[in-house]
Amino acid sequence: LFQRCHMKKTLILAILAIFGLSFFATATAGQVNEAGMDWFNNMDEAKKAAEKADKLIYIYFTGGVRCGWCVKMKKETFSNADVQKKILKKFVIVMLNVWENPKQEDKELMAKYQGRGVPFNLVLDKNLELVSKFGGFQKPDAFITNMEGILKKYEEIVKAKKELQEMLQNLHSLLRKTWKTQRSC
């Protein structure tokens, strides 16, 4: 009787565990919670979110628990309240583990931008064009300063592109008027 009762309890616990894990996996598909932040772990989902929110994408390539500097970055930098408030909230954030059960596309993305080790950091625009890249562990203050500099530089580039587009449109209009004037002479 004890064995049957114990087997029933074990079976019920196993079913509940499987159900619970499948529910958790469904609720967080494409995302993982690390250091109190929801990180994407799928570039397609991250790109969609960046397009929708009109944000830059910050990608953190990690080696997981086998990488001491990665663990230190997660514990000291990403869990820092100022980093989360001032920086990470301004980006669609992605964490890709390229050492522990890596996806081939994640390793290829890191190689595309010449990532040679972990931790490795990329900032891409919503079209997946490179904005900036840097490697290594950074303390919270250094990370904030670096990322604020990247944001400022990107905003300046966007502004300069808009101004250039306006100048080209004005030049095009001027050339059309000149061409029409000369044709009528």
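Residues numbered from 1 in each chain as written. Predicted model: local features only at pLDDT ≥ 70, side-chain atom pairs only at ≥ 80, totals over all residues. Heavy atoms only, no water.

Overview of the overall build of the protein
Here comes step 1: A count of helices and strands for the protein gives six helices and six strands.
Here comes step 2: Ordered by position from the N terminus, the helices and strands of the protein form the series α-β-β-α-β-α-α-β-α-β-β-α.
Here comes step 3: When each of the 185 residues of the protein is scored for burial, the buried share is 31%.
Here comes step 4: Sequence-distant contacts, at least 24 apart, represent 65% of the contacts inside the protein between residues at least 6 apart.
Here comes step 5: Surface summary for the protein: the accessible area is close to 12800 Å², and the carbon and sulfur share equals 57%. (Helix = DSSP H or I, 4+ residues; strand = E, 2+ residues; numbered from the N terminus. Buried < 20%, exposed > 50% of the residue type's maximum accessible area, 1.4 Å probe, protein only. Contact = heavy atoms within 4.5 Å. Areas by Shrake-Rupley, 256 points an atom, 1.4 Å probe, with all protein chains shown as cover.)

So, unusual backbone geometry
Apart from glycine, the bulk of residues carry a negative phi angle, and the bulk of peptide bonds sit in the trans form.
Here comes step 1: Omega for the peptide link from V118 to P119 comes to 0°, which places this bond in the cis form.
Here comes step 2: Turning to its location among the elements, P119 is positioned in the loop between α5 (104-112) and β5 (120-124).
Here comes step 3: Positive phi values are uncommon outside glycine, yet Q114 reaches one of about 55°.
Here comes step 4: With respect to the helices, strands and loops of the structure, Q114 is situated in the loop between α5 and β5.
Here comes step 5: You can call Q114 partly exposed: its relative accessible area is 42%.
Here comes step 6: Phi at L128 is positive, roughly 65°, even though this residue is not glycine.

Details of the pattern of salt bridges
Here comes step 1: What the rule picks out here adds up to four salt bridges.
Here comes step 2: A salt bridge links K47 to E51, with the shortest nitrogen-to-oxygen separation between them at 2.4 Å. Here K47 pairs with E51, and both are found in helix α2 (residues 43-53), just four residues apart, close to one helical turn.
Here comes step 3: The class of E51 is partly exposed, set by a relative accessible area of 40%. (Salt bridge = Lys/Arg side-chain N within 4 Å of Asp/Glu carboxyl O.)

A short note on the nonpolar core
Here comes step 1: Y58, I59, F61, L88 and F143 are the most contacted members of the largest nonpolar core, which has 42 residues in total.
Here comes step 2: Not counting the four nearest positions on each side in its chain, F61 is found in contact with L96, V98, D106, L109, M110, V118, P119, F120 and L122. (Core = buried A, V, L, I, M, F, W, Y, C linked by side-chain atoms within 4.5 Å.)

Some details on α5
Here comes step 1: D106, L109 and M110 are the residues of α5 that are buried. Taken down its axis, α5 places every buried residue within 95° of arc, on the same side. Pointing more than 90 degrees away from the buried face of α5 are the exposed residues E105 and K112.
Here comes step 2: Next to the buried residues of α5 lie α2, β3 (56-62), β4 (91-97) and β5.
Here comes step 3: Positive backbone phi, at 55°, marks Q114, one or two positions downstream of α5. (Arc of directions from axis to C-beta.)

So, the state of the cysteines
Here comes step 1: Considering all chains together, one arrives at one disulfide under this definition.
Here comes step 2: Each sulfur in the disulfide pair C67 and C70 lies 2.4 Å from the other. Between C67 and C70, the S-S dihedral sits near 75°, and the bridge is therefore right-handed. Residue C67 shares its accessibility class with C70, and that shared class is buried. (Disulfide = S-S within 2.5 Å.)

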